[in-house]
Every structure is written in structure tokens, then in C-alpha cells.
Protein chains: 2
Amino acid sequence: MSFKIVAKDPKSGARLGSFVTPHGEVKTPVFMPVATKGSVKTVSPGELHEMGTQAIIANALHLHVRPDENKIAAAGGLHKFMQWDGTIFTDSGGFQVIRKAFGIKITEEGLNFRDFYSGAARLYTPELCMEVQKKIGSDIAMLLDDCPFHDATPEKIKDVTDRTVRWAKRGIAKGRELGIPNLFAIAQGGTNFDLRKECIEKLLELNPDGFGIGGLSIGEPKPEMMRILSETTHMLPEDKPRYLMGVGSVNELLDSIALGVDVFDSVFPTQCARHGTIFTREGRYNMKGAKLENDFRPLDEGCQCMACKSYTRSYVNHLLREGEMFGMRLASIHNLHFLLDLVKEAREAIQNGTFEEFRKRRTLKDDEKEDEGSLEKSRA
Amino acid sequence: MSFKIVAKDPKSGARLGSFVTPHGEVKTPVFMPVATKGSVKTVSPGELHEMGTQAIIANALHLHVRPDENKIAAAGGLHKFMQWDGTIFTDSGGFQVIRKAFGIKITEEGLNFRDFYSGAARLYTPELCMEVQKKIGSDIAMLLDDCPFHDATPEKIKDVTDRTVRWAKRGIAKGRELGIPNLFAIAQGGTNFDLRKECIEKLLELNPDGFGIGGLSIGEPKPEMMRILSETTHMLPEDKPRYLMGVGSVNELLDSIALGVDVFDSVFPTQCARHGTIFTREGRYNMKGAKLENDFRPLDEGCQCMACKSYTRSYVNHLLREGEMFGMRLASIHNLHFLLDLVKEAREAIQNGTFEEFRKRRTLKDDEKEDEGSLEKSRA
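Bear in mind the structure is a predicted one, so any value in this text is a computation, not a measurement.

**Q** Describe in detail the overall build of chain A, supporting the description with residues and values.
**A** Assigned secondary structure in chain A consists of 15 helices and 16 strands. Computed over the C-alpha atoms, the radius of gyration of chain A is 20 Å, within 12% of the 21 Å expected from 2.2 N^0.38 for a compact globule of 380 residues. Summarising its shape, the C-alpha atoms of chain A cover approximately 60 × 50 × 40 Å along the three principal directions. Counting only contacts in chain A whose residues sit at least 6 apart along the sequence, the fraction spanning at least 24 positions is 70%.

**Q** Before we move on, can you summarise the relation of the copies chain A and chain B with the specific residues and values?
**A** Take chain A, turn it by 180 degrees, move it 0.0 Å along the axis, and it overlays chain B with an RMSD of 0.0 Å. Here the symmetry operator amounts to a two-fold rotation axis. Taken together, the interface assignments show that 100% of the residues at the interface of chain A recur at the interface of chain B, consistent with an identical surface on both copies.

**Q** Any chance you could break down the sheet that holds strand β14 (residues 263-265) of chain A for me, citing the residues and the numbers?
**A** Within a sheet, adjacent strands bond to each other through the backbone by hydrogen bonds, running parallel or antiparallel. All names here are of chain A. Reading across from one edge, β4-β14-β13-β12-β11-β10-β6-β5 is the order of the eight strands in this open sheet, with parallel pairing throughout. The strands lining the two open edges of the sheet, one partner per strand, are β4 (30-32) and β5 (55-59). Sheet twist, expressed as the average angle between the axes of neighbouring strands with direction ignored, equals 25 degrees. The pairing of β5 with strand β6 (residues 87-91) spans five bridges and is parallel. Residue pairing in the sheet places Ala 55 in a bridge with Thr 87 of β6.

**Q** Break down the pairing of β6 of chain A for me, citing the residues and quoting the values.
**A** Residues and elements named next belong to chain A. Of all the five residues making up β6, five are buried; the element is thus mostly covered by neighbouring parts of the structure. Here β6 pairs with strand β10 (residues 140-142) via two bridges, running parallel. Across the sheet, residue Thr 90 finds its bridge partner in β10, namely Ala 141.

**Q** Before we move on, could you go through the environment of Met 130 of chain B and cite the residues and values that matter?
**A** All names here are of chain B. Along the chain, Met 130 falls in helix α5 (residues 126-136). Look at Met 130 and you get buried, because 27 C-beta atoms sit within 10 Å. Residues Met 130 and Met 225, 95 residues apart in the sequence, show an inter-C-alpha distance of 29 Å.

**Q** Hey, could you go over helix α10 (residues 268-275) of chain A for me, with residue numbers and the actual values?
**A** All names here are of chain A. Residues of α10 that are buried include every one of Phe 268, Pro 269, Thr 270, Cys 272 and Ala 273, and no others. Buried-residue contacts for α10 involve β15 (277-280), β16 (283-286) and α13 (325-352). Trailing α10 by a residue or two, Gly 276 shows a phi angle of about 95 degrees, which is positive.

Analysis parameters
Residues numbered from 1 in each chain as written. Chains lettered and ligands numbered in written order. Predicted model: local features only at pLDDT ≥ 70, side-chain atom pairs only at ≥ 80, totals over all residues. Helix = DSSP H or I, 4+ residues; strand = E, 2+ residues; numbered from the N terminus. Rg over C-alpha atoms; globule rule 2.2 N^0.38 Å. Contact = placed C-beta atoms within 7 Å. Least-squares fit on C-alpha atoms with pLDDT ≥ 70 in both. Pairing = 2+ DSSP bridges. Axes fitted to C-alpha atoms, helices over the stretch in contact; angles between N-to-C directions. Buried ≥ 20, exposed ≤ 12 C-beta atoms within 10 Å, placed from the backbone.

Next up, the structure:
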């Protein structure tokens, strides 16, 4: 991967960069809308393009289970299947370990679970994870990781982190053999400095094309997350993209960019949207609130997204209260546009050497409290 | 209303016509997508335009209850509220009498029900129905009707039909006073020839701008519906639009056009779409079927809709099985496009004097059986 750093912020670790994948150039910092199952919920690829999306992220494990990578390969790959011609990242599925849906049991071999529908036993190994991402046609594949719960004991975190490293070795060997364009390793270690440092050092030996920062934004206190990020982000190589997985609130994005993080994804904007929470420069608000019934301003004043250009809060309030999907679609388009725009402006600020002023100006006062409810569901 | 008949089919009662509303010309026969609560479910106004939609229909009673007509008026009317600049019909709410959601009790005054949320008692009179449609900014308002169940006794149908006529008198007086651009009366009478004839004759005296044919496609056997239509459609004045409410399956559309019906609406295409039923020239099929997993053809071969031009059955099958809203959106766009195209081709066939050949060619062999499940939910 040819990652170029175009500009560095003089007052922080923020950097402006770019990398090229088989589906085009990606300017960093970049935020990726999440298409877990091959669709960004309610939104079309055309709408994603219009709002300036450079890359999206799908989930290899989900797509392996359904519809199955062979079907996607037969369709000509995920880009063609879902009609998205920009860059596609695919997450490995390691994050699903801490979600209940799959009921995953870990063995040294890989992830063991039962198919939802058929009940059949499934084994998803680091090697299979690579085969899936190869068949899907991923531009940037994540190596399979094991992910500890945020409140795990140090012993458990150590165990999980060591396994992540062993799986990364197996995965990268397979991924290189298959010729996957780009492979990112995922660092684990919870909020434990020694474990995360050790994990990063061992992953460095594998020489992946970039690094995911995993196991954060999964329920730990935000100050803990920012502490471990500030302690360890600089350990990741300067000349490779750093991808903080599952982060998508304004302050976390700004603070992480300041630490030198380049890539982000989160279901937060679209999940919020479907529940009626709207992002604005002043913070988030509940679009279902009664006081918005007669509010004929756009969702976010000054926003140039399709939803804000054409529709009022009053209308979207009505649609969301009535459960109309078009309301969820408008809110999703706005929230995604809002975060993509924030990150675009961050790029411009880094270019202009004004990132710290930008960060100060755009940091939300009440961002933290509201985040907590969504922390466990944030990665692709 | 200036309804012009442009061409008549030599072999049937089909006619090509047009009328002009404050929001443009509508060529008939016309099929209207349903936006009960001010949104065609999952679909944007831009997409409706792209598929050739001339008019949509919203529901005055639903919009009265929520968000309430005063809010829509404050927004500048429904056209502006929902960003649809084509013609808007509004149904009166009479159809909701036979649906359970509102728990309506009829008195001579009007519809009595309780607000879902507040529990407050509401009275919706024929006059209020007009005030609502005036405030909404409807281009064509339907007079409030009372609607009997399809299996009601002749005495009950007589009672309901007489009330419909009395309400139509009250409604048209109010509607004319308010200066609503166009008022359509709704004929009732079930499948009883004498009652429907009597109702039509009495409504003719009121000189409305057009006629709704109500109380059909609500669960009665299809041959009964076609019989009463064929016996009574010709009684409606030649020089006014005839609107068969709630009809949206292929054979019913074709057969009704042949009898001289001009206007149609139905939730059938969008409701089917959300449940995975796809319309094609060969009939309907279940998009969730396992055999479609590896079917890389468009939803309907030869269709030029956005969904068919870009996506495969395999992809939409995957999305619908996974409950992804974008799948419902693609299916809705296709089904609406399919019916709009059918009616457009019917217009061309009438123009060319080949409607009967067209009808024969496009009539589906297995349309009838599949319709039955959806009959009770078909009107706006």
C-alpha cells in the first residue's frame, strides 16, 4: 500500500494523507459508512457518492454466513453485487465475538458458532476469513482478531491479545498467498498499556499494510479510551494508515485525528438516524420531540445535504414518529453527510495548518454523555 | 375540471384522456402511488418523478390526526411539506371505517374515534373532511363516504349508501364554499346493482368534478367486483374522470380500463414490495425464494427501472431476507415502475386503437388467486 502523507498539523499529531486501492484514491482522515451486510441501511450508492463517501466497510463474517462469499464472487464481487464502485474495506468478524447475535465460542482454530437458520455448526478460521475477503473482492481486508470485553481481567485480555497475534500470523500468510490487495492487522490489548504495546510490537513484525485499532469504543469509559489511544497511537508506523474501528461521534473523531488516526467507521450515524437522533454542529437532538412539530427549519441549518436542502424538521419529525422509512432514509443521509463533511473539513484544516483551531471550534460540549448508549454497537 | 377525452378504444370502453390540476396535466388512465401519511413508503419524490408518476394520493383522515392539517398548512401545504410538485389527490378517510386501526363509530354527524395516543374523542364530519383537504392543499379532494363491509346485508349497504349521499351533499357544499379545486364524490352500494345505481343517480345531482368508485376490492370475490363494475361504470358521466379506488393488480387494472375507468390507486405494489413480492410481465414471484440466491438477472428482465438497471435478483433476495430497508426500497421502486409502465402502455395502446390486443397480451393467468390476501388493505 502506497500511503502518502501530504501534510502534518504543526500543533497535533493530525496528518493529511492518501492511499490508493484498486477502486480509487482515499484521502485521509476518512470516515466510512457501514454496510455490514452489503448495504448502508436505507441509503443508495448514488446517495453515498453524492455525500462524498470515499470508502465503505462491509463485514466478512456476516457476508460469509449470508449470502455466502461464493454467491458474491459469482455476482462478480461485492462492488458489482451492491453497485458501489468506490473502495471497500471488509471487517474480519472478530468484533462479532463480543456481540450476542452469533453466539460465538473461541477455540485456537477460530470462531465456532451455529448458523442462525440451519443450526449447522460453523468454524471460521483466520485463513477462511481471508478466503472470504478474497472472494468478496475486498480492497482492504482486516485480519481476524479476537476481541475482549472492555471489562475483562488482565489475564483474559492477555489471552485474547496473544490469540489475536497468532491469528494475525496465520491470516497474513494466507492473505498474501491469495494476493489480497491490502491487509490490515488489528491491535487489541484493551485499555492496558503493556498489553497493547506488546500486541502492536508483535503485529509490526508481520508488516501489514495498515493497522486497525480494535477493542475500543466498546463500553469502556471515554477517558480510558482516549488515554490508551494517546499512549499507543504513535507506536504505529508513521507511514501506514491507522484505522480506529467503530468510532463515529464528533469529539472522538476530532480527538483521534489529533492523535494521528487516519481511518474511521461506525454505525453510529445511521443507527442514530433510524432512532430519530440528528447530528448538528451544536450537538445531537431527538427529531421525534414534540417541539419540532412546527419547526420549519432544515434538519441542521447551513447543511447542504439532500435532506436539509429539501425537507423541514416538521416533516421528518412526522415521518419518524409514524415509523415511515423515508424519514429514516432522510435522517441517515443527513447524519452521514454531517460526519463526512466534518472529516472533510478536518482534512482542509490540516492542509491549512489550522486543525487545532478547527478541533476547538467543532468540539461538542455535551457529546460524551450521549455517546454511552451506543458504544457497544459501533463497529461494522 | 376540464376533462378531455383524447381517444376512445373501438373495441372496449377504454378511453384516453387528460385533466389539468393546479399542479399540472394528468394523462389518463393513470395509476397513483399511495402516500397515506405524506410519503410513498421508502421512495423519494425524485424517484417517483423518474418512474413517470403523474399524481399521488394521500389520506386526509390520517394527516388530520397526525401531523394535523394546520401544521401542513403552516408548512405551505402538502406539496411543499413532502416536496412533491405533481398532482395530489387526497382520500377522505371513509375507507378507514372498515379498517380496525381507527376504531371508528359512525353517527349521522360523521366518524367518531379516539386519538391513538391521547385517547381524546374525535369527530370527523364531512365538513371537517373538506376543511382538512383545503388546508392540506389537495388538488383533488374526495368527499367523505361511509363504506360498508363487503359481506354486509342489503339493509346495511342501503343504510351506508344513503349516508354516503347525505354526507356527499354536506361535503360538496362545504368544499365549493372553500374553493377546493376539484371535488370527487364516491359511489358506494357494494356489489348490489340497485343500490349502486341509486347512489350514482343521487350523486350525479350534486355535479361533482369526478367520481370515485368505492367499496370495491375490499374482500368481495373478484367476479362480483367485475360484474358490478361492468354494470355501472357506464352510468358515470362520460365527460368526468372515473376513479376506481384501491385497485392495483394487473388484471383488475386492465379489465377496469376496458370498462372506461380512468384513475387508480393502490398500496398493493409497495406493500407487496416490502414483503418481497415482485411484479413482472409473467406474474408475481417471491423475491425471498431460495432459488433466487444465484439468479443474477434483473428483478424483471427488460424493465428499465432504476432497480432493474443496476441490481440482480440475487442481491435483492439477500437484502430482503436480511430485512435490509434498501431491499424494500428497490422492490418498491420496481413494482411502482412496473404498474406505471403498464398504464402508460395502456394509454399508448388506446391511442393506437390496439387496447384489446394489449389487454389480452398483458393479462396474467394466475393474477386472481394471489390477489386475495391483499384485498382488504388496498385503498390509500
